[in-house]
Every structure is written in C-alpha cells, then in structure tokens.
Amino acid sequence: MGRRSNFKDKQPRDYWPTVDPAAVTTLIPFIKGKTFAEPCVGNGDLVDLLFVDAKCNWESDIEPQKKGVIQKDATDLTAEDLVDCDYIITNPPFSFEMLQPLLDYLPTLKPTWLLLNATFMQNKRSQPYIKKCSDIVSVGRLFWVTEGGDPKQRGIKGKEDYCWYLFHNKEQPHTVFHGRN
C-alpha cells in the first residue's frame, strides 16, 4: 500500500501528482514573486498550482506526462539549466532509494523546496539532510487522487501529514519550523 494513499496500487516511480491546492498554500509566502525549476514535473500539476504566485522557468522529468516538458533525469540537471531560477521546487519520488540522489544533488544547484512527509525530519537517515535544511513549512494531510480524474473533485486523502523542506548545499545554523495558520 502506498504511504501517500488509501489505495493498494503502487505507483510506478512513486508518481503521485500534486492535485490538492492545499499542498502549496503554506509555501506561497516563501516563494511569491520568485522563479523556480520543477525537475519532477510529471503532468505539471504543481506548476499549475503555483503559476499565479511564482514563475516556473524550467520543467523536466525522467518520464514527462505532458507535452513540451524536457525529458531529463533530475540528477543530470546543470547550473546552466537553472540559471533563470531562484529555487528548485518539487514533489519528489518518496521511496528513499529514489529520493536520496535528489537530496544529495539538487541543493548543490539551487536552494531546493521538497514536499515530503512530516516524519522525514525524525528519521535517522534524514539527519544529514536536516542539517542542511533552513525551513520546514507544515502542510497537513493532502489529497493525492481526484474522483474520476477531475481536479475539482477531491478524492481520497492520504494517511500522513506533509511539510515543505528547504534544503541548501551547506549546513544551516538552525532550522525554523513554520506551522500552518
């Protein structure tokens, strides 16, 4: 059973589109007016949720789900690809074997906001990454699937709470936790 769902189906490459507008509500004050790259764009749901508040200047995915997206592994991105971006913002694959290379690499290019479960900060294997995290922004529980594929129809809520984590290339003096209002 997937941790992000109440379903039995495992999603290939941990692909869970970011369909719930609540996923970005608490992030917007931190990125409003900024530019970003989305290297795990999938079908573009996260970009669509953020378009009013932040401009996406780079969209790529290892297996794009929409036309016009560059097919590229996130670990193959270069600083030149992201020259016009303030941040990397993505809902990455959740399984640690897919997530760890992204945690190791993406913050070397740009400050990186990742949507991860709230318990990530409490796992022993996460501790080296939390040392490089300046901000954790609480989100809460999210819908990961919509009824009948209609984004306006909320479906099944996940079983876990989520947070946005801002990772950097260097250790941070402290991490600030931002709760939901």
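Everything below is about the structure printed above this text.
Residues numbered from 1 in each chain as written. Predicted model: local features only at pLDDT ≥ 70, side-chain atom pairs only at ≥ 80, totals over all residues. Heavy atoms only, no water.

1. Quick look at the packing of aromatic side chains
Here is the rule we go by: A pair of Phe, Tyr and Trp rings is counted when the ring centres sit within 6.5 Å of each other, with Trp represented by its six-membered ring. The angle between the planes then sorts it: under 30 degrees is stacked, over 60 is edge-to-face, the rest tilted. Strands here mean DSSP runs of E at least two residues long; helices mean DSSP runs of H or I at least four residues long; both are numbered from the N terminus. With a 1.4 Å probe rolled over the protein chains alone, any residue whose accessible area is under 20% of its type maximum counts as buried; one over 50% counts as exposed, and the rest are partly exposed.
In this structure the tally under the stated criterion is 6 aromatic pairs. Between Phe30 and Trp113, the aromatic rings sit 5.6 Å apart at their centres with planes inclined by 55°, giving tilted as the arrangement. Taken together, the residues Phe30 in helix H2 (residues 28-31) and Trp113 in strand S5 (residues 112-117) connect sequence positions 83 residues apart. Its relative accessible area of 1% is what places Trp113 among the buried residues. Feature note: the residues Phe30, Tyr87 and Trp113 constitute an aromatic cluster, connected by ring pairs.

2. Quick look at the environment of Val137
Basically, it comes down to this: In this description, contact between two residues means that some pair of their heavy atoms is separated by no more than 4.5 Å.
With respect to the helices and strands, the residue Val137 is situated in strand S6 (residues 133-143). Each C-alpha atom, one on Val137 and one on Trp164, is 5.0 Å from the other, the two residues being 27 residues apart in sequence. Beyond its immediate stretch of four places on either side in the chain, Val137 contacts Thr26, Leu27, Phe30, Trp113, Tyr162, Cys163, Trp164 and His178.

3. Observations regarding the nonpolar core
The tendency in soluble globular proteins is for nonpolar side chains to be buried as a group. Threshold: The set of buried Ala, Val, Leu, Ile, Met, Phe, Trp, Tyr and Cys residues whose side-chain atoms join them within 4.5 Å is what this entry labels a nonpolar core.
Counting 23 residues, the largest nonpolar core has Ile31, Phe36, Leu50, Ile89, Trp113 and Trp164 as its most contacted members. Secondary structure elements with two or more residues in this core: helix H1 (22-25), H2, helix H3 (45-50), strand S4 (87-90), S5, S6 and strand S7 (157-167). Residues Leu103, Ala118, Ile130 and Phe167 belong to the second largest nonpolar core, which totals 14 residues.

4. Regarding the pattern of salt bridges
To keep it simple, the criterion reads: What makes a salt bridge here is a side-chain nitrogen of Lys or Arg within 4 Å of a carboxyl oxygen of Asp or Glu, nothing more.
For the structure shown, the criterion picks out 4 salt bridges. Here Lys66 ties to Glu59 by a salt bridge, and the two come within 3.1 Å at their closest N and O atoms. The exposure class of Lys66 is partly exposed, given its relative accessible area of 30%. By relative accessible area, Glu59 is classed as partly exposed at 21%. Across the salt bridge formed by Arg141 and Asp161, the nearest N and O atoms sit 3.6 Å from each other. Of this pair, Arg141 sits in strand S6 while Asp161 sits in strand S7, placing them 20 residues apart in sequence.

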